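Chain and residue survey
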Amino acid sequence: MNKLNRMLASSLLMLGTWLSTAAWAVNDLPGGPGVRQLNLPVGATKIAEEQAWLHWFMLIICTAQAPQIAGLQACHLPRVGQG
């Protein structure tokens, strides 16, 4: 059973590697976001620019808070054997 699991895992790894090479063949399309581009193009109006700024601002805040919240949760988990 263990050998079968290893063979299945290695076969899936090889298949995934082979299938993922197709993603590198994609090119940019005119008028759309670029391939492996981080964000959309600059907004055409003032509201779109402010919306993009707000999006990045909230993303930074949430990214900074996530490890803090996870750390607090980890500190307050019940310890094994302490009931």
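A brief structural summary. (Residues numbered from 1 in each chain as written. Predicted model: local features only at pLDDT ≥ 70, side-chain atom pairs only at ≥ 80, totals over all residues. Heavy atoms only, no water.)

Okay, the overall build of the protein chain next. The helix and strand tally for the protein chain stands at two helices and zero strands. Counting only carbon and sulfur atoms, one obtains 70% of the accessible surface of the protein chain, whose full area is about 7,900 Å². (Helix = DSSP H or I, 4+ residues; strand = E, 2+ residues; numbered from the N terminus. Areas by Shrake-Rupley, 256 points an atom, 1.4 Å probe, with all protein chains shown as cover.)

Before going further, it helps to spend a moment on a nonpolar patch on the surface. A cluster of nonpolar residues, Leu-8, Leu-12, Leu-15, Trp-18 and Leu-19, forms a patch on the protein surface that exposes about 560 Å² of accessible area. Within the element layout of this structure, Leu-8 appears in helix H1 (residues 2–20). (Patch = residues over 30% accessible without salt bridge, like charges linked within 9 Å, V, L, I, M, F, W, Y side chains within 5 Å. Salt bridge = Lys/Arg side-chain N within 4 Å of Asp/Glu carboxyl O.)

Position of Ala-52 among the secondary structure elements: in helix H2 (residues 46–75). For Ala-52, a relative accessible area of 34% corresponds to the partly exposed category. (Buried < 20%, exposed > 50% of the residue type's maximum accessible area, 1.4 Å probe, protein only.)

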